[in-house]
Amino acid sequence: MEFDFAEEQPKFLMLMYGLIAFVAVVGGLLLLLDVVPAWFARRRDARLLAAVTSGAPLLRRRKPREGLFALFFLLPTLLFLVVGLVVPAIRTTLLSFMDKDSTNWVGLRNYGWLFSEPSIVRVLTNTLIWVLLVPLVATAFGLIYAVLVDRARLEALAKSLIFLPMAISFVGASIIWKFVYAYRGEDQEQIGLLNQIVVSLGGAPKQWLLDSPLNTFLLIVIMVWIQAGFAMVVLSAAIKAIPADIVEAARLDGVTPWQMFWQITMPSIRPALIVVVVTISIATLKVFDIVRTATNGNYETSVIANEMYNQAFRYGQPGQGSALAVFLFILVIPIVIYQIRNLRQQREG
Amino acid sequence: MTTATPTVGAGVQATTKTSRAARVRRRLNSRAATLVSIVIALLWTVPTFGLFISSFRPEDQIKTTGWWTFFTDPQFTMENYQEVLFSSSSSAGQLASYFINSLAITIPSVLFPIAFAALAAYALAWINFKGRDWLYIAIFSLQIVPLQMALVPLLKFFSTGVTIAGLQVLPAWELDGAQKFAQVWFAHTCFALPFAVYLLHNFISQLPRDLMEAARVDGATHPKIFRTIVLPLITPALAAFGIFQFLWVWNDLLVALIFAGGTKETAPLTVRLAEMAGTRGNEWQRLTSGAFVSIVVPLIVFLSLQRYFVRGLLAGSVKG
Amino acid sequence: MAFARSRQALAVAGVLGLALGVTACGTGNDKKSSKASSPECAAYEKYQGHDGKKVTIYSSIRDIEADRLAQSWKEFENCTGIKIDHEGSGEFEAQLGVRVDGGNAPDLAFIPQPGLLKRFADAGKLKPAGADTKAMAEGNYSPDWLKYSTVDGKFYGAPLGSNVKSYVWYSPKMFKEKGWTVPETWDDLIKLSDTIAGTGMKPWCAGIESGDATGWPATDWIEDLMLRMTSPEVYDQWTTHGIPFNDPQVAGAVDKAGMILKNEKYVNGGFGGVKSIATTSFQEAGTPITAGKCALHRQASFYANQWPQGTKVAEDGDVFAFYFPAVDPAKGKPVLGGGEFVTAFADRPEVQAVQTYLASGEYANSRAKIGDWVSANKKLDLANVPNPVDKLSVQILQDPKTVFRFDGSDLMPAAVGAGTFWKGMVDWINGKDTATVLNGIESSWPK
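Everything numeric here is computed off the predicted structure, so don't read it as measured data.

**Let's talk about the overall build of chain A**
Phase 1 of the analysis: In terms of regular secondary structure, chain A is built from 14 helices and zero strands.
Phase 2 of the analysis: Computed over its C-alpha atoms, the radius of gyration of chain A comes to 27 Å, more than 25% above the 20 Å expected for a compact globule of 349 residues.
Phase 3 of the analysis: Principal axes of the C-alpha set define a box for chain A whose edges measure 100 × 70 × 55 Å.
Phase 4 of the analysis: Residues classed as buried in chain A amount to 48% of the 349 residues present.
Phase 5 of the analysis: Sequence separation of 24 or more characterises 66% of the internal contacts of chain A that already satisfy a separation of 6 or more.

Put into structure tokens, the structure is as follows:
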């Protein structure tokens, strides 16, 4: 099999088109926003001059133009969001009230199914366990590590190692954890690290992923392993952004590292901390690949996103799958409310 | 994309701050912290390290003994890498093709959302217009829409266009071959925007109010403030988001499978690697090496962008 | 900074260059001229007239097996000028639905589940096969097979590859050494198991872990025993929900399977106890046979590919398979199997030409020669089947006396057949009792 460069050419061409489109769209937008207001400004200056002489009110026209600016800044984002997410969200909501062929309305039947099927109730509780544990543990670990590594040598190396799991695709991660949780009979050589440790300590090998609820916690470990890198990177960046003079002043005042952490670091990185917790919470609500590759939801480990995918795409039950997705929308409401409160405080403060 | 070129005055200020920051850093260095953080980092890496060792072991060894036996009974082979890099599979073509596809998919899929989200986040943070808070909350909430549920409608948008009440408003895209990359860029941009806007808004809205107001008093327009003041200051945030978006796109399987298809003309590395396990998934030992082949680029990106996370970049401009 | 940047670009370029450079050897692109008029193309005359057209195929077949597919229709492509674009994916079952709903269906799809085929047919997405395809299929396949791709009297496509599931793998070498003989009845099988257990070896090894399809190997056990303990007619009622899933007859089959699968004395050789079946991957489940750690493994004909390299698969070799014995020999020898169907989402003439060709005897022989393939195609010449297990399978499938039944979980609605049935069997292995599991599956049957 030969490698043919000519065959690859269209790809590079397409990539170039993409980059040209990028420059054209973004550059064009900025240019437009630069040129047009300048033109308006000249006209306003002229009018200002006229107004000064006549004494007419000035500020009336300012507000609508702000709105116009905002529109142009927001336009690309809004277009993409409407097509890519708003329409699908509406469609999903509608489907959740329909039967499996998406033709007849069935009212709340799919939601009734959600809460009457014991296996699905289990899915909902599992999701709750996930979303309570993962953000807490991953963020705490990321924070402690970010603080620690800030004062360490070989920082780049240490951070890269923690970050590594994020860079591995889920296909790779699933095998990595296979080598941790795998089980072989007592008379066999173990291929899973965890069982090898148990055996070398004199214990009997265990089938880790079989026993509920332990298995859910073991899957959560995988998620924490991946997400801690995210938390660490963002929090570390926030710690770096604390002005050096503040840190130095505190040092000169002779504060202990403990005081430094609570009185300087924590207040300074609070916004970043919120970003991390919120982001990991949402990512956890949508967690899919880990459960799918490790157990496929067997042994009572399933979570909403996994069950939703199975119902909608594998079992041909888009109505039930959509109902699960809508339930996910509902679960995010507390986070949204928290976000609104935050925004209010920020605006007032 | 944007290089960190703050205005001249700010630049000078930044360099003096950096050297002072460096001094603080040195003093804070402690041996205990170094030791503990390295130990944790190593523990964190043990599972990955196991995979790394396994990727050099023969298939029957991987499947019957633990990777740690490598140290007592080293059996070394390059076969797994051989198979992944130069697989004889003729219908699949060469890995290099998929590598190029991954790059062609990833680069625009990172640039577009960064730019759009930065613009949007600025508008939501610093332009006064009616309902902006609600708009921001709405965009934020869209993060929860699972992308699996967006696949069908988005695919419909590409393949049949948009029809409202029997009227064809937008035509089908009718893309072929490498042109399909455009669909993937579009999809990834959609799915990335809510988080990107959220993350960047957080950074941009933290910028000091007096800085903005001073600029406005000086007569700077929004585009000018955005370009000359905001962009240089949020470079770390752009870099952070850039890294994560790069990783998600690079490691994504589902979106590429739907919008690019699984042939060597357009499919990224992940699609090829998943296929290599064979029809019944029994050749999974190939994935051990595959995981490391695909990890090289994300690591380069991470290491090269890491220098944006240095103390002092924001020094003096953010008041806690 | 600028220096660092360019160095970094250099590194990226270096990696790229390396990847390209080492692979960029070999000859240039050889342009194949159409040789439609050459003598070896005479057989393809009826498919000609679509030069330059493209047909897309989507299936779950990938890697080496996909290469073999491409090789098998290469001559067809050269002679007819039709370009076949095949794409295989591990996500086939889920993604086919997404593509079809998204208005981006492939021209042809190889669907291995009649239940899924029926879903697309009912939704009006599939195109009924053309007259040529239908005539070709009826000439080459038994009605037993064709009924699985017929929905409401409309025929949607011929089978392609097939497999035989009613096999027990064993080691002829080990049997000879120990003086064991291949059992002909279920009672003999149990007797043999006891004999083997008496030597201190666990006779059976099994594994049902299979990623997101975990559980299916256990459903095959139940299906095989349903066929043997009841009758093909009752089996059909079971798969179409004519009898409830928790019917006593089903419970009987499950308990019978439990005699082996849930018997700590019998399983799980080389892996541990009963529960280890749930976490042992089906690909490696039989391999303890070659290590002398178990003696029997029930799995389909395609398991021939799973043995470690260098294992001789033959009647006098390291491993071979015998027919999963009948419970009541008076009821004959029913066979459980599976296969995929060539269905069309488009009815352009070139698509129909490919669909017809794939149903032909020429194609079956062309594909069989390449190896590792079984088909129920009556025109398939046994001499073209290289592998002894495949040969045995083809013989069984072509035998007109064979009572063939399709894998039941593939016939049921996906919510059961690819959902609760799989998961139910996992729970069952993991300790749940038969009644609870069957009641759960029954309640999940879509109304």
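**Overview of the overall build of chain B**
Phase 1 of the analysis: A count of helical and extended segments in chain B gives 15 helices and two strands.
Phase 2 of the analysis: Every one of the 320 residues in chain B was classed for burial, and the buried ones make up 55%.
Phase 3 of the analysis: Expressed as a percentage of contacts within chain B between residues at least 6 apart in sequence, the contacts between residues at least 24 apart total 75%.

**Points about the interface of chain A and chain B**
Accessible area lost upon the coming together of the parts is a frequently used measure of interface size.
Phase 1 of the analysis: The partner chain B presents 116 residues to the 97 residues of chain A that form the contact.
Phase 2 of the analysis: Per element, the largest residue contribution to the side of chain A that touches chain B is 18 residues, and it comes from helix H2 (residues 62-95) of chain A.
Phase 3 of the analysis: Residues of the side of chain A that touches chain B, tallied by class, amount to 71 nonpolar, 15 polar and eleven charged.

**Examining helix H15 (residues 361-370) of chain C**
Residue and element names in this part refer to chain C.
Phase 1 of the analysis: Residues of H15 that are buried: Tyr363, Ala364, Arg367 and Ala368. For H15, the angular spread of buried residues about the axis comes to 125°, placing them on one side.
Phase 2 of the analysis: At its buried positions, H15 is contacted by helix H2 (64-72) and helix H14 (349-358).
Phase 3 of the analysis: One or two positions beyond H15, positive phi appears at Gly371, with a value near 110°.

**Let's talk about the sheet that holds strand E8 (residues 297-298) of chain C**
Phase 1 of the analysis: On the basis of which strands lie adjacent, the open sheet formed by three strands has the order E8-E7-E9 (chain C) and antiparallel pairing. Whereas interior strands pair on both sides, the edge strands pair on one side only; in this sheet they are E8 and strand E9 (320-323) of chain C.

**Regarding unusual backbone geometry**
Phase 1 of the analysis: Of the consecutive residues Ser212 of chain A and Pro213 of chain A, the connecting peptide bond is found in the cis state with omega at 0°.
Phase 2 of the analysis: At the junction of Val267 of chain C and Asn268 of chain C, the peptide bond is cis and its omega measures out at 5° in the coordinates.
Phase 3 of the analysis: Following the sequence through the fold, Asn268 of chain C ends up in the loop between helix H12 (248-261) and helix H13 (276-279).
Phase 4 of the analysis: If you check the backbone angles, Tyr299 of chain A has positive phi at about 55° while not being a glycine.
Phase 5 of the analysis: Mapping Tyr299 of chain A onto the fold places it in the loop between helix H11 (289-294) and helix H12 (304-314).
Phase 6 of the analysis: Of note in the backbone geometry, Glu300 of chain A takes a positive phi value of approximately 60° without being a glycine.
Phase 7 of the analysis: Along the chain, Glu300 of chain A falls in the loop between H11 and H12.

**Some thoughts on the interface of chain B and chain C**
Phase 1 of the analysis: At the junction of the two partners, chain B supplies 32 residues and chain C supplies 34 residues.
Phase 2 of the analysis: Mapped onto the side of chain B that touches chain C, the elements with two or more residues apiece are helix H3 (59-64), helix H6 (95-126), helix H8 (147-160), helix H13 (254-259), helix H14 (269-276) and helix H15 (285-305) of chain B.
Phase 3 of the analysis: If you tally residues by element for the side of chain B that touches chain C, the top one is H8 of chain B, at six residues.
Phase 4 of the analysis: Grouping the constituent residues of the side of chain B that touches chain C by class yields 13 nonpolar, 14 polar and five charged.

**Details of the pairing of strand E1 (residues 54-59) of chain C**
Residue and element names in this part refer to chain C.
Phase 1 of the analysis: In the sheet, E1 pairs with strand E2 (residues 83-88) via six bridges, with the strands oriented parallel. Paired with Thr56 across the strands is Asp85, a residue of E2.
Phase 2 of the analysis: Across two bridges, E1 lies against strand E3 (residues 108-111) in parallel orientation. If you follow Ile57 over to E3, its bridge partner there is Leu108.

**Digging into helix H9 (residues 181-205) of chain B**
Since one α-helical turn is 3.6 residues long, residues separated by three or four positions face the same way.
Residue and element names in this part refer to chain B.
Phase 1 of the analysis: In this model, H9 (25 residues) spans 34 Å end to end at C-alpha, consistent with the 36 Å of a helix rising 1.5 Å per residue.
Phase 2 of the analysis: Along H9, the largest kink reaches about 45° and is centred on Leu193; proline Pro194 follows within four residues of it.
Phase 3 of the analysis: Here H9 lies mainly inside the structure; 23 of its 25 residues are buried.

**A closer look at the domain arrangement of chain A**
Phase 1 of the analysis: When its domains are assigned, chain A resolves into domain 1 (5-95) and domain 2 (117-348).
Phase 2 of the analysis: For domain 1 of chain A versus domain 2 of chain A, the separation of C-alpha centres amounts to 37 Å.

**Thoughts on the packing of helix H8 (residues 214-240) of chain A against helix H12 (residues 235-251) of chain B**
Phase 1 of the analysis: Relative to each other, H8 of chain A and H12 of chain B sit at 170°, their axes nearing to 11 Å. With respect to H12 of chain B, the axis of H8 of chain A lies roughly antiparallel. Counted together, Phe230, Val233, Val234 and Ala237 of chain A of H8 of chain A and Pro236, Ala240 and Phe244 of chain B of H12 of chain B form the full contact between these two elements.
Phase 2 of the analysis: Taken together, the residues of the contact of H8 of chain A with H12 of chain B break down into seven nonpolar, no polar and no charged.

**What about the nonpolar core?**
Phase 1 of the analysis: Counting residues in each nonpolar core, the largest one holds 332 residues, and the members touching the most others are Val234 and Leu235 of chain A together with Tyr122 and Leu200 of chain B.
Phase 2 of the analysis: Residue contributions to this core peak at 23 residues, all from H6 of chain B.
Phase 3 of the analysis: Leu200 of chain B has contacts with Ala117, Ala118, Ala121, Ile234, Ala237 and Phe241 of chain B, leaving out every residue within four places of it along the chain.

**Some remarks on the environment of Gly262 of chain B**
Phase 1 of the analysis: Mapped onto the elements, Gly262 of chain B comes out in the loop between H13 and H14.
Phase 2 of the analysis: Here Gly262 of chain B is in contact with Leu257, Ala267 and Val271 of chain B together with Glu87 and Ser89 of chain C, once residues within four sequence places are set aside.

**Remarks on the confidence of the model for chain B**
Residues and elements named next belong to chain B.
Phase 1 of the analysis: In this model, chain B carries an average pLDDT of 81, and 85% of its residues clear a pLDDT of 70 or more.
Phase 2 of the analysis: Across residues 1-16, confidence stays below pLDDT 50; counting only partners more than four residues off in sequence or on other chains, it has 15 contacts.
Phase 3 of the analysis: Contacts for the low-pLDDT stretch residues 311-320, under 50 throughout, to residues beyond four places or in other chains number 34 contacts.
Phase 4 of the analysis: Overall fold confidence for the complex sits at a pTM of 0.86, while the interface term, ipTM, reaches 0.88.

**Here's the deal with the environment of Met78 of chain B**
Residue and element names in this part refer to chain B.
Phase 1 of the analysis: Following the sequence through the fold, Met78 ends up in the loop between helix H4 (69-72) and helix H5 (79-86).
Phase 2 of the analysis: Judged by C-beta crowding, with 11 C-beta atoms within 10 Å, Met78 ranks as exposed.
Phase 3 of the analysis: Along the primary structure Met78 and Leu200 are separated by 122 residues, whereas in three dimensions their C-alpha atoms are 44 Å apart.

**Examining the environment of Gly157 of chain C**
All names here are of chain C.
Phase 1 of the analysis: The topology assignment puts Gly157 in the loop between strand E5 (154-155) and strand E6 (159-164).
Phase 2 of the analysis: Its 28 C-beta neighbours within 10 Å are what place Gly157 among the buried residues.
Phase 3 of the analysis: Linking Gly157 and Phe110, residues 47 residues apart in sequence, is a C-alpha distance of 9.5 Å.
Phase 4 of the analysis: When residues no more than four places from it in sequence are discounted, the contact partners of Gly157 are Ala129, Thr133, Ser149, Phe341, Val342, Thr343, Ala344 and Gln355.

What counts and what doesn't
- Residues numbered from 1 in each chain as written.
- Chains lettered and ligands numbered in written order.
- Predicted model: local features only at pLDDT ≥ 70, side-chain atom pairs only at ≥ 80, totals over all residues.
- Helix = DSSP H or I, 4+ residues; strand = E, 2+ residues; numbered from the N terminus.
- Rg over C-alpha atoms; globule rule 2.2 N^0.38 Å.
- Buried ≥ 20, exposed ≤ 12 C-beta atoms within 10 Å, placed from the backbone.
- Contact = placed C-beta atoms within 7 Å.
- Nonpolar A, V, L, I, M, F, W, Y, C, P; charged D, E, K, R; others polar.
- Arc of directions from axis to C-beta.
- Pairing = 2+ DSSP bridges.
- Expected span 1.5 Å × (residues − 1).
- Bend = angle between axes of the 7 residues up to and from the residue.
- Domains from an automatic or database assignment.
- Axes fitted to C-alpha atoms, helices over the stretch in contact; angles between N-to-C directions.
- Parallel < 35°, antiparallel > 145°, perpendicular 65-115°, else oblique.
- Core = buried A, V, L, I, M, F, W, Y, C linked by C-beta atoms within 7 Å.
- pLDDT = per-residue confidence, 0-100.

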